[in-house]
Amino acid sequence: MFLIDDLTFLVFCQYEFNMTQQEAGLLFCISALCLFIYGLTISGYIIDKMGVKFSLTLGFIMMTITKFMLTFIESYNHLLIIMCTISPFGISIIFPSLVLGIKKLSHAGPMRSLAFNLFYASMVLGALMGGPLVDFIRRDIGKTTFEYLHTNVETGQIEKRFMEVSAWRLIMFFGFIICSVMLALLCTYKKSNEQIFAEPRGISQEDNENLSCGAIINEILKDYKFWRFMLFSFVIVGSKMVFSLLFFMVPKMITQDDGENAPFGIYVSIAPLLIILFLFFLAPIQANYESYDLILVGTAIATLGPLPMFFGMNLVNFMLFVIIISFAEALYSPMINVFTFNFTKEGREGTFLTLTAAPTYFTMALTGILGGYLLENYYPSKDDTVHIRQP
């Protein structure tokens, strides 16, 4: 679902709200900054105090409302409000809660590494399915008509009315359906299962419940381990951005060259497919080597990804680029979650995860600004005296 958002955000803003690429990128950046603010202030506290199930339910309710509203709104101001409030608030809760849920339902050691590996593989599988699904909705379904009942104010009679929505809005409605399904699945989550994998607590349940949001954040900020991890996290921003820009920019570039109905989803799904294949071969390595070492090696490999593109924009160089960054992602991304819990305290994981997600949100913000700027100035839809498409 979230990859579909990355794939379609620029083109959704362009075709539905007549925004330029730079304006859409700036909005994406603002939304990422709001993500950081919610994570810094309230999201982590909610996760620590209310638990995984409640937090996930709240997050998916926010995203369900977001997707439903994005299907029908037509005002730019409404879009701005949604992208700065309920959408980033929901995302800021969902991702840390999912990661914490994996931790609470697995034992420390190789089992947890395997659990995070499978968790990452399932996310990548969603990305693999997302690309062709977007193509199917855009090309095979297209515009869709919704029928609804309306009471005529003048006559008092109930009339049938019709609303036509574009393929881009239909993709948003599909996101609404997915979020609704996730809410239904959360009803099967049993909190009692967490006790099977519970680890010794460094703080009593009563003391944890009495702590305020400010007290928890203050305690974490005074922990030197937190700052060590934050510094480490910012080191991997560059390699993460390489992968993010692939999904953010390629759909817009393809639709500009080949038209609105171009099958960009097929091209983008090459990377998730490769990641899934690499995960199978790398699983034994990830179970037997330290997560820190694998992260260092993976990020080093990721920095080499753009090198083939310096030798020209052609299919061979593009495939080499995708293969390199896909291998790097498969090697180090699952290990980041494993490495994170080496620094957390029991009962503080939610706040720690939201605070240490700052580099991720920073990457999203840079992706929005940089991606929009590069497309607007070096790959514009039309050349003019200021913006000239580069080879």
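Numbers given for residues are sequential positions, taken from 1 along each chain in its written order. With pLDDT at 70 or above as the cut-off, local features in this predicted model cover only qualifying residues; side-chain atom pairs require 80 or more to be listed or tallied, and sums for whole chains, interfaces and linings still use all residues. The basis for the side-chain values is all heavy atoms of the structure; hydrogens and waters are excluded.

Visitor: If you had to explain the overall build of the chain to someone new, which residues and values would you point to?
Guide: A run of H or I in DSSP becomes a helix once it reaches four residues, and a run of E becomes a strand once it reaches two; helices and strands are each numbered from the N terminus. Counting its secondary structure elements, the chain contains 16 helices and two strands. Buried means the residue's accessible area, taken with a 1.4 Å probe over protein chains only, is under 20% of the maximum for its type, while exposed means over 50%, and partly exposed covers the values in between. Taken across its 391 residues, the chain has 50% of its residues classed as buried. Should any heavy atoms of two residues lie within 4.5 Å, those residues are considered in contact. Counting contacts in the chain only where the partners sit at least 6 residues apart, residues at least 24 apart contribute 78% of the total. Here the accessible surface of atoms and residues is derived via Shrake-Rupley with a 1.4 Å probe, and residues count as covered only by protein chains that are part of the display. Carbon together with sulfur atoms contributes 67% to the accessible area of the chain, which is approximately 19000 Å² in total.

Visitor: Can you tell me about the packing of helix α3 (residues 76–84) against helix α4 (residues 86–104), naming the residues and giving the values?
Guide: Put simply, α3 and α4 touch, their axes get as near as 3 Å, and they point 20 degrees apart. One finds that α3 runs roughly parallel with respect to α4. Between α3 and α4, the contacting residues are Ile82, Met83 and Cys84 on the first element and Ile86, Ser87 and Pro88 on the second. Each residue gets one label: Ala, Val, Leu, Ile, Met, Phe, Trp, Tyr, Cys and Pro are nonpolar, Asp, Glu, Lys and Arg are charged, and the others, such as Gly, are polar. Across the contact of α3 with α4, the residue classes break down as five nonpolar, one polar and no charged. Axis lines are fitted to C-alpha atoms, over the contacting stretch for helices. Their N-to-C directions set the angle, which ranges from 0 to 180 degrees. Throughout this description, any angle smaller than 35 degrees is read as roughly parallel, any larger than 145 degrees as roughly antiparallel, any in the 65 to 115 degree range as roughly perpendicular, and the remainder as oblique.

Visitor: Talk me through α4; I want residue IDs and the actual numbers.
Guide: An ideal rise of 1.5 Å per residue puts 27 Å on 19 residues; α4 measures up with 27 Å between its terminal C-alpha atoms. Most of α4 is tucked away, with 15 of its 19 residues classed as buried. What a helix should span is 1.5 Å times the count of its residues minus one.

Visitor: Residue-level account of the packing of aromatic side chains, with values.
Guide: Geometry of aromatic contacts follows a simple scheme: Phe, Tyr and Trp rings, the Trp one being its six-membered ring, pair when their centres are within 6.5 Å, and the pair is stacked under 30 degrees between planes, edge-to-face over 60, tilted otherwise. In the structure shown here, the tally under the stated rule is six aromatic pairs. Between Phe68 and Phe72, the ring centres sit 5.2 Å apart and the planes meet at 65 degrees, which makes this aromatic pair edge-to-face. Of the two residues, Phe68 and Phe72 are both situated in helix α2 (residues 21–72); the distance of four residues between them amounts to about one turn of the helix. Taking the centre distance of 5.3 Å and the plane angle of 90 degrees together, the rings of Phe278 and Phe327 count as edge-to-face.

Visitor: So what's going on with a nonpolar patch on the surface? Residues and values would help.
Guide: A patch consists of residues exposed above 30% relative accessible area that lack any salt bridge, with like charges linked at up to 9 Å and nonpolar side chains (Val, Leu, Ile, Met, Phe, Trp, Tyr) linked at up to 5 Å. Each salt bridge in this description consists of a side-chain nitrogen of Lys or Arg and a carboxyl oxygen of Asp or Glu lying within 4 Å of one another. On the surface, a nonpolar cluster with roughly 370 Å² of combined accessible area is contributed by Ile177, Ile178, Val181, Met182 and Leu185. By secondary structure assignment, the location of Met182 is in helix α6 (residues 167–186). Given the relative accessible area of 30%, Met182 is considered partly exposed.

Visitor: Describe in detail the environment of Tyr15, supporting the description with residues and values.
Guide: Positionally, Tyr15 belongs in helix α1 (residues 2–17). With 153 residues separating them along the chain, Tyr15 and Trp168 place their C-alpha atoms 8.2 Å apart.

Visitor: Please give an account of the side chain of Ser43 that cites residues and values.
Guide: Tracing the backbone through its elements, the reader meets Ser43 in helix α2. Excluding residues that lie within four positions of it along the chain, Ser43 makes contacts with Tyr38, Phe89, Ser92, Ile93 and Thr354.

Visitor: Which residues make up the nonpolar core, and what are the values?
Guide: With 55 residues, the main nonpolar core has Ile275 and Ile295 as its most contacted residues. If you tally residues by element for this core, the top one is helix α14 (residues 315–340), at 12 residues. Residues in contact with Ile275, not counting those within four places in the same chain, are Tyr120, Val124, Phe243, Ser326, Glu329 and Ala330. Here, nonpolar core means buried Ala, Val, Leu, Ile, Met, Phe, Trp, Tyr and Cys residues that are tied together by side-chain atoms lying within 4.5 Å of each other. Formed by 22 residues, the second largest nonpolar core is a distinct cluster that contains Leu70, Leu79, Met172 and Phe173.

Visitor: Break down the packing of α2 against α4 for me, citing the residues and quoting the values.
Guide: Taken N-terminus to C-terminus, the directions of α2 and α4 make an angle of 125 degrees; their axes are 5 Å apart at the nearest point. Between α2 and α4, the angle is such that the two are oblique. In terms of residue class, the contact of α2 with α4 is built from 23 nonpolar, 11 polar and one charged.

Visitor: Describe unusual backbone geometry, listing the residues and the values that go with them.
Guide: Even without glycine at this site, Asn18 takes up a positive phi of about 55 degrees. Structurally, Asn18 is set in the loop between α1 and α2. Under the relative-accessibility criterion, Asn18 is labelled exposed at 69%.

Visitor: Could you give an account of the side chain of Glu329, with specific residues and numbers?
Guide: For Glu329, the position within the fold is in helix α14. According to the relative accessible area criterion, Glu329 is buried, its value standing at 3%. If near-sequence neighbours (up to four positions away) are discounted, Glu329 is found in contact with Tyr120, Lys240, Phe243, Ile275 and Pro334.

Visitor: Give a detailed account of the state of the cysteines, specifying residues and quantitative values.
Guide: Each disulfide is one covalent bond, formed between the sulfur atoms of two cysteines. In this description, the term disulfide denotes a pair of cysteine sulfurs within 2.5 Å. Evaluation of the coordinates by the stated rule reveals zero disulfides. Just so you know, Cys84 is unpaired, no disulfide at all, and the nearest cysteine sulfur is the one on Cys34, 4.1 Å from it. We classify Cys84 as buried; its relative accessible area is 17%.

Visitor: Hey, could you go over the environment of Pro308 for me, with residue numbers and the actual values?
Guide: Tracing the backbone shows Pro308 in the loop between α13 (291–302) and α14. In the structure, Pro308 is positioned 11 residues away from Met319 in sequence and 9.0 Å away in space, judged by C-alpha atoms. When near neighbours in sequence (up to four residues on either side) are disregarded, Pro308 contacts Asn317, Leu320, Phe321 and Ile324.

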